[in-house]
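Each chain, written out:
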Amino acid sequence: EDFRSCGLRQETFRGSGGCRAKPNQKQAAVFVFTVRAERDVYLFLGGAGKQGYEILVGGWEGTRIALSRGYSRDPANELESLPMADLMMDYANPNGQPVLNKRTFNTWWFEADPATGLIRLGKDDIVGHNVLMTYRDPFPLDDLDEVSVGAGYWSAGPIFADSPEVYICPNIGNVLQNRRIEASSEAFAGAAEKAVDGQWGDL
């Protein structure tokens, strides 16, 4: 039961398969996503036709990740003449290397907290570690229950031979997350912090 996910802002309730809204409706929306593409993959956190937060992975010819706020770049919104999302911040690898690869997967985590306005994006799959971008929205959005995915024209490469792949998973705590642990580091092959999703314990 501890391994089961109830979505972005739900919690387990009364046995297997049971989910309910968390008591604080302004719970943070947290998810992990992994991408294989040449460039230009979009993830939009928010309802259809509503404002939300948009992540562009592999923009600027595959070199940057950008975070925007507003309406998504969905063609349906363009037909409605809705204004495009405003850029809040972006990130590029310090070594100048592309952020995406059409042959291998790259993984990031994303968190948006409507109670505080704190928005963060980081590398790999441990939420809270390897933070790449932090932004505090002075007017945080709270309709953050859906994630939509889209791909730009060049996302499959210049000859369209490599279709992009995107996988999204809500943050799933495991049995040890946020709990005291007592073990030798050898018990987890020398990486005990990984066993508790980045939560340090007494080892």
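The structure displayed is predicted, hence computed values, not measured ones.

Visitor: Could you clarify how one ought to interpret the pairing of strand E8 (residues 106-112) in this entry?
Guide: As a general feature of sheets, a regular strand has side chains that alternate between the two faces. Across the seven residues that make up E8, a large majority, six, are buried. With seven bridges connecting them, strand E3 (residues 29-36) and E8 associate as antiparallel partners. Paired with Thr34 across the two strands is Thr107, which belongs to E8. Two elements, E8 and strand E9 (residues 118-123), share five bridges in a ladder whose sense is antiparallel. Bridged to Ala112 within E9 is Ile119. Linking E8 back to E9 in an antiparallel pair, the connection comprises five residues, with Gly117 at a positive phi of about 80°.

Visitor: I keep staring at unusual backbone geometry and nothing clicks. Help me out?
Guide: Negative phi is the rule for most residues except glycine; trans is the rule for most peptide bonds. Backbone geometry places Asp40, a non-glycine residue, at a positive phi of 55°. Residue placement: Asp40 occurs in the loop between E3 and strand E4 (41-45). Backbone geometry places Asp124, a non-glycine residue, at a positive phi of 75°. With respect to the helices and strands, Asp124 occurs in the loop between E9 and strand E10 (131-136).

Visitor: Sorry if this is basic, but what is going on with the environment of Glu146 here?
Guide: Position of Glu146 among the secondary structure elements: in the loop between E10 and strand E11 (147-151). Here the alpha-carbon distance between Glu146 and Ala29, two residues 117 residues apart in the chain, equals 9.4 Å.

Visitor: Please clarify how the pattern of salt bridges should be interpreted in this entry.
Guide: Working definition: two side chains of opposite charge can pair if their charged atoms are close together. Evaluated as defined, the whole model comprises eight salt bridges. For the salt bridge of Lys102 with Glu38, the shortest nitrogen-to-oxygen distance reads 4.0 Å. Residue Lys102 is located in the loop between strand E7 (86-92) and E8, and its partner Glu38 is located in the loop between E3 and E4; the two are separated by 64 residues in the primary sequence. Relative accessible area serves as the criterion here: at 28%, Lys102 is assigned to the partly exposed category. By relative accessible area, which is 27% here, Glu38 ends up partly exposed. With its nearest N and O atoms 2.4 Å apart, the salt bridge here joins Asp90 to Arg64. Placement of the pair is Asp90 in strand E7 and Arg64 in strand E6 (residues 64-70), with a sequence separation of 26 residues. The exposure class assigned to Asp90 is partly exposed, which follows from its relative accessible area of 32%.

Visitor: Would you mind going over the sheet that holds strand E12 (residues 165-170) with me for this structure?
Guide: The strands making up a sheet are joined through hydrogen bonds of the backbone, oriented either antiparallel or parallel. With antiparallel pairing, the five strands of this open sheet are ordered in space as E10-E9-E8-E3-E12. Two strands bound the open sheet, and with one partner strand each, they are E10 and E12. Each strand axis lies, on average, 15° off the axis of its neighbour in the sheet, ignoring direction. Bridge count between E9 and E10: five bridges; the pairing is antiparallel. Directly across from Leu121, in E10, lies its bridge partner Met133.

Here is what the cut-offs are and how they apply
- Residues numbered from 1 in each chain as written.
- Predicted model: local features only at pLDDT ≥ 70, side-chain atom pairs only at ≥ 80, totals over all residues.
- Heavy atoms only, no water.
- Buried < 20%, exposed > 50% of the residue type's maximum accessible area, 1.4 Å probe, protein only.
- Helix = DSSP H or I, 4+ residues; strand = E, 2+ residues; numbered from the N terminus.
- Pairing = 2+ DSSP bridges.
- Salt bridge = Lys/Arg side-chain N within 4 Å of Asp/Glu carboxyl O.
- Axes fitted to C-alpha atoms, helices over the stretch in contact; angles between N-to-C directions.

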